[in-house]
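Architecture and fold: a report
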Amino acid sequence: MKTAELPRWQAFVQRHFAVLFIAACLVVFVAVVELFASVLVQRVVTEALIRIVIVVGIYVFTGNSGIISFGSVTFMAVAAYATGWQTCCAMLKPITMSGLPSILRDHTYPVYVSAATSVGLAALLAFITGLILMRLSGLAASISTLAILFILNVTYSNWETVTMGTASMVGLPTYITPWLALAAALLAVLCAWIFQNSARGLLLRASRADEVAAAACGVSLYWSRLIAFTLSGAIMGLAGVLSAHFLGTVSINSYFLNLTFLALAMLVVGGMKSLSGAVVGVIVVSTIIDVFRRIEVGIPVGDVTFSLPPGTQELVLAGVMIIILMFRKDGLMGGQEFRLPVRFLRQHRRSLEAKDT
Amino acid sequence: MSQPGDITLEARNIHVAFGGIHALSGVDLTVSRGIVQGLIGPNGAGKTTLVNVLSGFQSPTRGHVILKDRDVSQDGPQKMARAGVGRSFQAARLFQDLTVSQNLMTAAIGTGLGMAAARERSESVLEWMELSHLAEQMGGSLSYGDERRISIARALALNPHFLLLDEPASGMNDAECQTLMRLIRDIPARFECGVLLIEHNMEVIMGVCQRVHVLDGGRSLAEGSPQEVQNNPDVRRAYLGDDAGNEAA
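Residues numbered from 1 in each chain as written. Chains lettered and ligands numbered in written order. Predicted model: local features only at pLDDT ≥ 70, side-chain atom pairs only at ≥ 80, totals over all residues.

What follows deals with the pairing of strand 4 (residues 62–67) of chain B. Residue and element names in this part refer to chain B. Bridge analysis of strand 1 (residues 8–18) against strand 4 gives five bridges, and the strand direction is antiparallel. The partner of Leu 9 across the bridge, within strand 4, is Leu 67. Pairing of strand 4 with strand 5 (residues 70–71), which is carried by two bridges, proceeds in the antiparallel orientation. The partner of Ile 66 across the bridge, within strand 5, is Asp 71. Following strand 4, the chain reverses through two residues before pairing antiparallel with strand 5; Lys 68 in that reversal takes a positive phi of roughly 50°. (Pairing = 2+ DSSP bridges. Helix = DSSP H or I, 4+ residues; strand = E, 2+ residues; numbered from the N terminus.)

Residue and element names in this part refer to chain B. Overall, antiparallel pairing links the four strands, which are arranged 2-1-4-5 in an open sheet. Two strands in the sheet have a free side with no partner beyond their single neighbour: strand 2 (21–32) and strand 5. Along the sheet, helix 1 (residues 47–54) makes contact with strand 1, strand 2 and strand 4, crossing strand 1 at roughly 120°. (Contact = placed C-beta atoms within 7 Å. Axes fitted to C-alpha atoms, helices over the stretch in contact; angles between N-to-C directions.)

When the pLDDT values of chain A are averaged, the result is 93; 95% of them are 70 or greater. Within chain A, the element-level pLDDT minimum falls on helix 17 (residues 342–356) of chain A, averaging 68, and the maximum on helix 10 (residues 178–196) of chain A, averaging 98. (pLDDT = per-residue confidence, 0-100.)

Further remarks concern the sheet that holds strand 10 (residues 219–224) of chain B. All names here are of chain B. The strand order across the open sheet built from six strands is 6-7-8-3-9-10, with neighbouring strands paired in mixed fashion. If you trace the sheet from one side to the other, it starts and ends with strand 6 (85–87) and strand 10, each paired once. The sheet shows a mean angle of 20° between the axes of neighbouring strands, direction not considered. In terms of strand pairing, strand 3 (residues 36–40) meets strand 8 (residues 194–198) through four bridges, oriented parallel. Bridging across to strand 8, Gly 38 finds its partner in Leu 197. Along the sheet, helix 1 makes contact with strand 3, strand 6, strand 7 (162–166), strand 8 and strand 9 (211–216), crossing strand 7 at roughly 150°.

Here it is, written out as structure tokens:
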């Protein structure tokens, strides 16, 4: 159906339906949770919204380029530590992180200033590493991103005077509310949507489908990939700031393989070829995790407490992934974005044709 | 033939060797704008290798590719596409997850256009090829014949000076072949470009080409008008065996 036939606002809704639908669902969901749910549920929802930022951050590069990035969590860690250095524990910093430069060790900065600089630092690091890594393709590129993750993990784990090594940095201000997490998730979704519909995004998606044909179309992959990698780094940085100020602590072990594979599992379950898939994957996997986490703890049914053995949630998640990979390899969304229902489009077309005649 | 000042795409003394196998040995070929030139030969003659060389996908072991009086032998496929050499492949190789319109826009953006201009060019090419009704369909959902035509449309969206078509009629039925022949015949005038056409279907070659170049075993065997080539005993021998060549002689 040609969007040119429709009034302007309807064409806009049709073209951007996926992002509008995602935004509307998330806003309604958070509003309901804020009004009616317990604090515990609000925390679960906030955590899920932060995961949306993480998975969308990975999607921006991995989904568009087809290169699986195992190292995106690196930029999350960089931003989390950066915001920690700027905002935490003025009294303790000179003792526990004596190796920090004076400008960080002896000063504390407003949370929004630290958030902006931390996101900027993550984006800058992504850009610099991308200058080298984006010359690689396929598996080599994927493994090299994993190498970046290991380099950061080993460095931060052993840089005790600056990062406190493997110990947790505590005392960060906790200011992340469900609404703030929602705003960040919407910002991440919007950035991803704008990028994937831009010229660079289109070239990158073409190269994902067929690198040889893309080359025959004059597509140079390097800059498109570098821009996607940098934007992905910035969004991961935002996720790092959110998680640091949601938990109030930063620990290098929180930003390693567990989180990497959980985020990739979410992307696989939803479908890594679409933004809608990334968001759906987070919601489905987060729901599975939360439900089974509660059952593991124990649910009282009358006089009996029903519970499952610890580790059940991981087993169920693994089972879900295997089933999806077997029967729906493009994920729950099948690589498609949310679209206006076909029936609506047909009805609308008929009414337009009736008007014309 | 090309005149001084004309833009041409030339292969000069091209050699390509894969290990000990010589795919091309001293091939000379000039593609001129404004005409359709056929490139024929038995299987394994080196036709696709030559197209790969001309489009930057394969560097020649020896020899030069000259485009607009510049040696572009070492330029990669991206540079060649941006310099005005478009190509299609034996398999359609559409971007399956993108719409037809986006497939064409990718090529237009590859030449440096912005989104709006790329969309305009995509619409214009689809309209000219009478394929506008496919614009919003996904690349992976097309019929075989449509896939082949869209792969040509995508190459045309580069607005090329030279269009290299690798067996565009393979697998098409008679009616589809006739439509394709009309289309290829009209391309040079509409896009002011030259077309190099690899094809096994001799009806297509005879029906649309002004000149034909014949390869056999990686060497140039003959070049001339379709009639001259058809009556050339060496060509008949290459296609049909020694007896056919002797009878014709």
